[in-house]
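# Architecture at a glance
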Amino acid sequence: MAWTAEKIKQLKKLWLKGKSTIEIGKELGISKNAVVGKVHRLELAARPSPIKRVQKPTTATKQKVVKKEIKPKKMTLMDLKLTSCRWPIGDPKDEDFHFCGADTVTGKPYCAEHCKVAYTSLKELTLQNAKAKKEKEEQELLEKQADALLKEADEKESKKTKATSKKKLSLEEQQSLWEQQADALLAAADEAEAPKKRASSKKKETAI
Ligand SMILES: [Zn+2]
């Protein structure tokens, strides 16, 4: 295909309209490559091509992403100003450990967001401490009560032992009492027997 003045004029028009090389080729009845080659040879000015128009937002997004990545500049201890939030982020052992660095709430060492976190956890900590203290006190009270109960039980037990030993003693006493009584009875019986014996021995004496 020969490039006539008419065709070149048409090409320039379509090019300026922002048509794609494929579209221009279709319109002129030539290949896309032929269009590209002619555009190059004519040194036509670059124009906002549809492809570029699609690419533009992509580039913008890319820049935004990059910006986002750069934005949280990792604040080291050296970077901190008096008005920088010194809320630690990450593990101090890690390389990417840093500080929040946002502007602080006046008079506070942290930014508004971290003040909320810090003072909430502080409140929780205080509550936890109070709870732990209460639990400890309750535990101590329970232990005291248990001690008292044990002591009481011990006292009861020793009283019981004492009572039992008293009973035993009285039993022993009873037994010895019975033994005494038995002895007395035996002695009485002996006494009653004695005159008879004496009498019989007298008889013998007289017999002799
Ligand atoms: Zn902060």
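Only a predicted model underlies this, so the values are computations on that prediction, with no experimental measurement involved.

## With respect to the overall build of the protein chain
Within the protein chain one finds 5 helices and 2 strands. In sequence order, the protein chain lays out its α and β elements as α-α-α-α-β-β-α. By sequence separation, contacts in the protein chain at least 24 residues apart represent 29% of the contacts at least 6 residues apart.

## Focus on the nonpolar core
In this structure, Met 75, Cys 85, Trp 87, Phe 99, Tyr 110 and Cys 111 together form the largest nonpolar core, which totals 6 residues. In this view, Cys 85 contacts Phe 99, Cys 100, Gly 101, Ala 102, Thr 104, Tyr 110, Cys 111 and His 114; residues no more than four positions away in its chain are not counted.

## Looking at the environment of Thr 83
Tracing the chain through its elements places Thr 83 in the loop between helix 4 (50–70) and strand 1 (88–89). According to the C-beta neighbour criterion, Thr 83 is partly exposed, with 13 such atoms within 10 Å. C-alpha of Thr 83 to C-alpha of Thr 104: the two residues are 21 residues apart in sequence and 5.3 Å apart in space. Not counting chain neighbours up to four residues away, the residues in contact with Thr 83 comprise Asp 103 and Thr 104.

## Some thoughts on the packing of helix 1 (residues 5–17) against helix 2 (residues 21–28)
Relative to each other, helix 1 and helix 2 sit at 145°, their axes nearing to 10 Å. Here the hand of the crossing between helix 1 and helix 2 comes out right-handed. Across the interface between the two elements, Lys 7, Gln 10, Leu 11, Leu 14 and Trp 15 of helix 1 pack against Ile 24, Glu 27 and Leu 28 of helix 2. Its residues placed into classes, the contact of helix 1 with helix 2 shows 5 nonpolar, 1 polar and 2 charged.

## Observations concerning unusual backbone geometry
One non-glycine residue with positive phi stands out, namely Glu 43, at about 55°. Structurally, Glu 43 is set in the loop between helix 3 (32–42) and helix 4.

## Thoughts on the packing of helix 2 against helix 3
With their axes 8 Å apart at the nearest point, helix 2 and helix 3 run at an angle of 105° to one another. Taken together, the axes of helix 2 and helix 3 are roughly perpendicular relative to one another. Facing Thr 21, Ile 22, Ile 24 and Gly 25 of helix 2, the residues of helix 3 in contact are Lys 32, Ala 34, Val 35 and Val 36.

## What to know about the environment of Trp 87
By secondary structure assignment, the location of Trp 87 is in the loop between helix 4 and strand 1. The class of Trp 87 is buried, set by 20 C-beta atoms lying within 10 Å. With 15 residues separating them in the primary sequence, Trp 87 and Ala 102 have C-alpha atoms 9.1 Å apart. Beyond its immediate sequence surroundings of up to four residues, Trp 87 is in contact with Phe 99, Cys 100, Tyr 110 and His 114.

## Topic: the confidence of the model for the protein chain
For the protein chain, the mean per-residue pLDDT works out to 80, and 77% of the residues sit at or above 70. Here helix 4 stands out as the element of the protein chain with the lowest mean pLDDT, 51, in contrast to strand 2 (residues 98–99), whose mean of 92 is the highest.

## Description of the environment of Asp 96
Here Asp 96 shows up in the loop between strand 1 and strand 2. Each C-alpha atom of the pair Asp 96 and Lys 74 lies 7.6 Å from the other, and the pair is 22 residues apart in sequence. Ignoring sequence-local partners within four residues, the contact set of Asp 96 consists of Lys 74 and Gly 90.

Criteria and cut-off values
- Residues numbered from 1 in each chain as written.
- Predicted model: local features only at pLDDT ≥ 70, side-chain atom pairs only at ≥ 80, totals over all residues.
- Helix = DSSP H or I, 4+ residues; strand = E, 2+ residues; numbered from the N terminus.
- Contact = placed C-beta atoms within 7 Å.
- Core = buried A, V, L, I, M, F, W, Y, C linked by C-beta atoms within 7 Å.
- Buried ≥ 20, exposed ≤ 12 C-beta atoms within 10 Å, placed from the backbone.
- Axes fitted to C-alpha atoms, helices over the stretch in contact; angles between N-to-C directions.
- Left-handed = near helix turned anticlockwise from the far one by under 90°.
- Nonpolar A, V, L, I, M, F, W, Y, C, P; charged D, E, K, R; others polar.
- Parallel < 35°, antiparallel > 145°, perpendicular 65-115°, else oblique.
- pLDDT = per-residue confidence, 0-100.

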